[in-house]
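The lines below spell out each chain.
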Amino acid sequence: MKAKKVLAKGIEAIAFGALEAGCKCYFGYPITPQNEIPELMARELPKRGGVFLQAESELAAINMVLGACAVGVRAMTSSSSPGISLMCEAFSYIAALELPAVVANVMRGGPGLGGIEASQGDYFQAVKGSGHGDFHFMVLAPHNAQEAYELTAKAFEFAEKYRNPVMILSDAILGQMKEPLILKKLRIKEYNKNDWALTGAKNRPSRIIRSLFLSSQELKERNLKLAKKYKKMKKDIIYENLVNDEDRVIVVAFGSMARIAKDACLNLRKKGYPVGFFRPVTLFPFPVKPIQELIKKAKNPLKFVVPELNCGQMVEDVKLAVNGEASVISLPYPPSVIPFPEELEKEIKKCLSSSSFQKA
Amino acid sequence: MRVELIISGFGGQGVLFAGNLIALSAMREGYQVTYLPVYGPEMRGGTCNCTVIISENEIASPLISSPSFLIIMNYPSFVKFVPALKKGGTAIINSDLIKSEEIKNLDILKKKYKLYFVPVTSLAESLNTPLLANLCVVGAFYEITKIFNKKNFKKALKEMLSNTKAHLFEPNLKAFELGANYIKNNYK
């Protein structure tokens, strides 16, 4: 049968992706701009023998996800920036317990209640600070509806593969925009949960999953185990690379900003400017090696330009990846000043001409 | 082929529905599309707009600074968006709420752009369905551009009026035809 093609919002694509992956439980609490996810889940999950539950708070919702994951069921929640902050305590526990939870953050402006305009202000929170202790989410950043569908489904696989929470980092523009979406069958691998899931101790010794380790040796080992896992994740780095060896400026952007930046870059290239485009899809682990490869292969001194819908966050990871071997320029766009491609084009051109770089 | 369309009017005029319907019809025709509703605390009576891009190729940015096509349903939208229209661009203007004699520099605008004045509000009222001015304007858009054929439009309309709204299909189609005929009779 031919896959169905629909015109869907980015957030509906996230919900469809989760259903395709066989997500069985959704727990959440409403917040703009992601309410179409619970709406769709409320309609579809019961039909498929799943559970939809609107919790009394974000805190309750994420702890329900924790419980479902602990017994080996595919479960998720979604929220937007302020709601995600409320869940951060549980994220830390989920990571410590090594549970395969999937969380979608449809970012809006912050800090505080902020506003409901699109923003990428939660980059740091997603990749570095989503709770206390030494842990990371695996973070996936789609840039259109199709990718949101496929990455969300894949998120369930990654979560089980690494027994680690995975975050889908989207934003209000990607979330609210409608685009063609092909609901194709996806092959999502399922990993064996029989050696850890709490399924009842009939015919086997009982097991406990816990995050409290009072012996210092044990705690150290737990932390080292997590660190090893994060290193291993680098095998699953995803990125989009439209860079030529002759390029002098490489624009690095993710999510909705990547859409605008791609237009600007391709326009400049058409006009003969040596501009390349690089889009990290996994934000954690960050595509460090591919960026280093770009520098190695470059025939000219390089400049990295990083436009973001915030005051400059991912630019720090680009700087770490570049490691002093090229200059890095931040183009900050805090919420509600989203640039048009033409405006961004002008800014990128300024970066080209701010040294001896000339038109090719 | 690439159309960059902004539809703008009062909240309640069905601006978002019209944009969604045009995007879906074009998608059923096989084009790449994006539909971006203006997004904020909107309300009935306030202004409201959406951006639709239709293209043969991948659409990167869903945001555009100057559209090639405008559908203007009220006066505030006229003031806001007409200056942004690309040279040689096209605009459908709701002549019930924007009288051509009230427009300053109409001659200059007519030289720069293709303007279609369509009384969509009274057209819809003539069918006793005043809420369907948006379908009249989609009909006009169809007749001017012929980007999608009628079969795909009907498919899209059926999709958008599913379940409890299915009985609205015929009235919507009538309003669509009326808008299309207005262009045929007055501009062709």
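The rules behind the values
Residues numbered from 1 in each chain as written. Chains lettered and ligands numbered in written order. Predicted model: local features only at pLDDT ≥ 70, side-chain atom pairs only at ≥ 80, totals over all residues. Helix = DSSP H or I, 4+ residues; strand = E, 2+ residues; numbered from the N terminus. Expected span 1.5 Å × (residues − 1). Buried ≥ 20, exposed ≤ 12 C-beta atoms within 10 Å, placed from the backbone. Contact = placed C-beta atoms within 7 Å. Nonpolar A, V, L, I, M, F, W, Y, C, P; charged D, E, K, R; others polar. Core = buried A, V, L, I, M, F, W, Y, C linked by C-beta atoms within 7 Å. Domains from an automatic or database assignment. Pairing = 2+ DSSP bridges. Axes fitted to C-alpha atoms, helices over the stretch in contact; angles between N-to-C directions.

### Brief notes about helix H7 (residues 169–187) of chain B
Residues and elements named next belong to chain B.
Step number 1: For H7, with 19 residues, the first-to-last C-alpha span of 27 Å sits near the 27 Å given by 1.5 Å per residue.
Step number 2: Those residues of H7 not exposed but buried are Asn172, Ala175, Phe176, Leu178, Gly179, Ala180 and Tyr182.
Step number 3: At its buried positions, H7 is contacted by strand E6 (114–118), helix H4 (120–126), helix H5 (133–145) and helix H6 (150–160).

### Overview of the interface of chain B and chain A
Step number 1: Taken residue by residue, the interface counts 18 residues in chain B and 17 residues in chain A.
Step number 2: For the side of chain B that touches chain A, the elements supplying multiple residues, two or more each, are helix H1 (15–28) and strand E2 (32–37) of chain B.
Step number 3: Per-element accounting of the side of chain B that touches chain A gives the leading share, six residues, to E2 of chain B.
Step number 4: Residues belonging to the side of chain B that touches chain A are distributed by class as follows: 12 nonpolar, six polar and no charged.

### Section: the nonpolar core
General note: in soluble globular proteins, nonpolar side chains tend to be found buried as a group.
Step number 1: Core analysis: the biggest nonpolar cluster contains 167 residues, and Val65, Ala101, Val139 and Val251 of chain A together with Cys136 and Val137 of chain B have the highest contact counts within it.
Step number 2: For this core, the element with the most residues is helix H6 (residues 145–162) of chain A, which contributes nine residues.
Step number 3: For this core, the two domains that each supply at least three residues are domain 1 (4–235) and domain 2 (240–353) of chain A.
Step number 4: Here Cys136 of chain B is in contact with Val120, Leu123, Ala124, Ala175, Leu178 and Gly179 of chain B, once residues within four sequence places are set aside.

### Side note on the sheet that holds strand E11 (residues 275–280) of chain A
Residue and element names in this part refer to chain A.
Step number 1: Read from one edge to the other, the open sheet built from five strands follows the order E9-E11-E10-E13-E14, with strand pairing classed as mixed. Each edge of the sheet is formed by a strand with only one pairing partner; in this case those strands are strand E9 (239–242) and strand E14 (327–332). In this sheet, neighbouring strand axes are inclined to one another by 20° on average, regardless of whether the strands run parallel or antiparallel.
Step number 2: Relative to E14, strand E13 (residues 303–308) is paired through six bridges, and the arrangement is parallel. Bridged to Val305 within E14 is Ile329.
Step number 3: Along the sheet, helix H9 (residues 255–270) contacts strand E10 (249–252), E11 and E13; its crossing angle with E11, the most-contacted strand, is approximately 160°.

### Quick look at the sheet that holds strand E3 (residues 51–54) of chain A
Residue and element names in this part refer to chain A.
Step number 1: Read across the open sheet, the seven strands follow the order E3-E2-E4-E5-E7-E6-E12; overall the sheet is mixed. Of all strands in the sheet, those bounded by a partner on one side alone are E3 and strand E12 (282–284). Neighbouring strand axes in the sheet, compared pairwise and without regard to direction, differ in orientation by 20° on average.
Step number 2: Inspection of the sheet shows strand E6 (residues 138–140) paired to E12 by two bridges, in the antiparallel sense. Looking across to E12, one finds that Val139 is bridged to Phe284.

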